[in-house]
Amino acid sequence: MQGLIDGFQAFLNIGPTVILPVVIFIIGIGFGQKPGKAFRSGLTIGVAFVGINLVVGLLVDNLGPAAEAMVERLGVELNVIDIGWPAASTISWGIPIAAFIIPLALLVNVIMLVTKTTKTMNVDIWNFWHFAFMAGMVYVMSGSIIQGLIAAILFEIVCLKIADWTAPILEREFDLPGVSVATGSTASYAPLGIPLVWLVQRIPGIKKLHADPETIQKRFGVFGESIFIGLFLGIALGILAGYPFGEVFNIGITMAAVMLLMPRMVKILMEGLMPISQSARDLLQRKFGAKDIYIGLDAAVAIGHPAVIATALILVPITVALAIVLPGNNVLPFGDLATIPFIVAFIVGAARGNIIHSVIVGTVMIALTLYMATDVAQIHTQMGEAAQFDMPEGTSQISSLDQGGNMINYVIYKFFSLFN
């Protein structure tokens, strides 16, 4: 068993920028493309993800420390530390049951494609760690491998169905035709987030409040362009973090760079993806009568929209404030403050880029996330201990907003807790 776990860990350690091109190349060959064309598509997508990851890294490396400085400046003291998704993913792959997740998830996806119960061919293998986390929670709680695997399958099925449901939003609002997102940390905010957007947009007074990148640009001219929105929001965040003058403008320019560069990286990605997507659609339609086939990609492709980044930057200080004022919350937002763009992507899409409505709904969703992350802190900590995770010094319990506060994960976990 340990050898199998080590083998999967070594495979995952290669990183998505290598894994994805290889998978895309194999899929291209499988769908009848010539090797040269399939290789070019895979390579282009790999290069695009290098660019996307560089921009995401730029965002996380600057937004994370600023958010943490804000927390420290406010003197917030809570007894459950948000360790962030990198640590949560490490824990998920450290649980013995994780060795079964990748082959099982691929098998389930193939069965659903053949039976036409999903339109998403999910090649986002790296983010299968969300399914592994789900399996680990139920396994640690119940001691049952079978229950853990069933929980992971249920989580995957729900994510694939959400991916099918939200794919039209990606095409309409983010210009990503033929793409879906089944990433657990993003898909899970859609079932409640999208109806809440619908509700907010029907509340008298609030429904008339409108601010998206296009209207902002029309109102403010050149200073309303996304690059300036990033600059102004970055400067505001630096001021809230208590940064010195130079660092305030440094984070402002960095956020401006994220606003400008991310959409361009996504365009390169689509250049490589479209030939594969078309080949997949043609073959599956010919063989199985499937009309629409989506390629399931990392949620990083959806955070390039300026409204997503703008909404996330506004929600960072709101999240810290919620952690302080919400009665019963014990989670100190920390590691996952920089992943808020992934949380709000579908919310922004459903709001058609309206930043005001997105912030309102995002505030509600993050409040719920804090409560869920608080409630699962004990089992989250037990998972960390089972995976021999080095706990932060002076910390008795850990959790995460990304997966500990994940709504679908939480509902499935609570369902299995009824029997354990």
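The structure presented is a predicted model; accordingly, all values stated were derived computationally and were not measured.

1. What to know about a nonpolar patch on the surface
Consideration 1: A contiguous nonpolar surface patch, about 260 Å² in accessible area, is contributed by Val18, Val22 and Ile26.
Consideration 2: Summarising the element assignment, Val22 is placed in helix α2 (residues 16-30).

2. Considering the sheet that holds strand β3 (residues 179-180)
Across a sheet, strands are paired by hydrogen bonds formed along the backbone, either parallel or antiparallel in direction.
Consideration 1: Read from one edge to the other, the open sheet built from three strands follows the order β2-β4-β3, with strand pairing classed as parallel. The open sheet has two edge strands, β2 (120-122) and β3, and neither has a second partner.
Consideration 2: Both β2 and strand β4 (residues 294-296) contribute to a ladder of three bridges, which runs parallel. Bridging across to β4, Asn122 finds its partner in Gly296.

3. Observations regarding the layout of surface pockets
Consideration 1: In this structure, the largest pocket occupies an estimated 450 Å³ of space.
Consideration 2: Val56, Trp85, Trp126, Asp298 and Phe342 are the residues nearest the centre of the largest pocket, which is lined by 23 residues in total.
Consideration 3: Counting only elements with at least two residues in the lining of the largest pocket, the list comes to α3 (35-74), α4 (85-94) and α6 (129-142).
Consideration 4: For the lining of the largest pocket, the element with the highest residue contribution is α3, accounting for four residues.
Consideration 5: Here the residues of the lining of the largest pocket sort into twelve nonpolar, nine polar and two charged.
Consideration 6: The computed volume of the second largest pocket comes to approximately 360 Å³.
Consideration 7: As for the second largest pocket, its lining consists of 17 residues, of which Phe174, Asp175, Pro263, Val266 and Lys267 are closest to the centre.
Consideration 8: For the lining of the second largest pocket, the secondary-structure elements that each account for two or more residues are α7 (145-174) and α12 (245-288).
Consideration 9: Element by element, the count of residues in the lining of the second largest pocket is highest for α12, at seven residues.

4. Section: the pattern of salt bridges
Consideration 1: Taken as a whole and judged by the stated rule, the model has three salt bridges.
Consideration 2: Note that Arg172 is salt-bridged to Glu173, the shortest N-O span being 2.6 Å.
Consideration 3: Using a relative accessible area of 41% as the deciding quantity, one classes Arg172 as partly exposed.
Consideration 4: Note on Glu173: relative accessible area 17%, which makes it buried.
Consideration 5: A salt bridge links Arg352 to Glu173; the shortest N-O distance between them is 3.2 Å. In this pair, Arg352 is assigned in the loop between α14 (340-350) and α15 (355-375) and Glu173 in helix α7, connecting sequence segments 179 residues apart.
Consideration 6: Residue Arg352 is classed as partly exposed on the basis of its relative accessible area of 49%.
Consideration 7: Bridged by salt links that share partners, the residues Arg172, Glu173 and Arg352 form one connected network.

How each quantity is defined
- Residues numbered from 1 in each chain as written.
- Predicted model: local features only at pLDDT ≥ 70, side-chain atom pairs only at ≥ 80, totals over all residues.
- Heavy atoms only, no water.
- Patch = residues over 30% accessible without salt bridge, like charges linked within 9 Å, V, L, I, M, F, W, Y side chains within 5 Å.
- Areas by Shrake-Rupley, 256 points an atom, 1.4 Å probe, with all protein chains shown as cover.
- Salt bridge = Lys/Arg side-chain N within 4 Å of Asp/Glu carboxyl O.
- Helix = DSSP H or I, 4+ residues; strand = E, 2+ residues; numbered from the N terminus.
- Pairing = 2+ DSSP bridges.
- 1 Å grid on protein atoms, 1.4 Å probe; cavity = no way out; pocket = protein on both sides within 12 Å on 5 of 7 lines; lining within 4 Å.
- Points joined across faces, edges and corners; volume = space filled by probe spheres on them.
- Nonpolar A, V, L, I, M, F, W, Y, C, P; charged D, E, K, R; others polar.
- Buried < 20%, exposed > 50% of the residue type's maximum accessible area, 1.4 Å probe, protein only.

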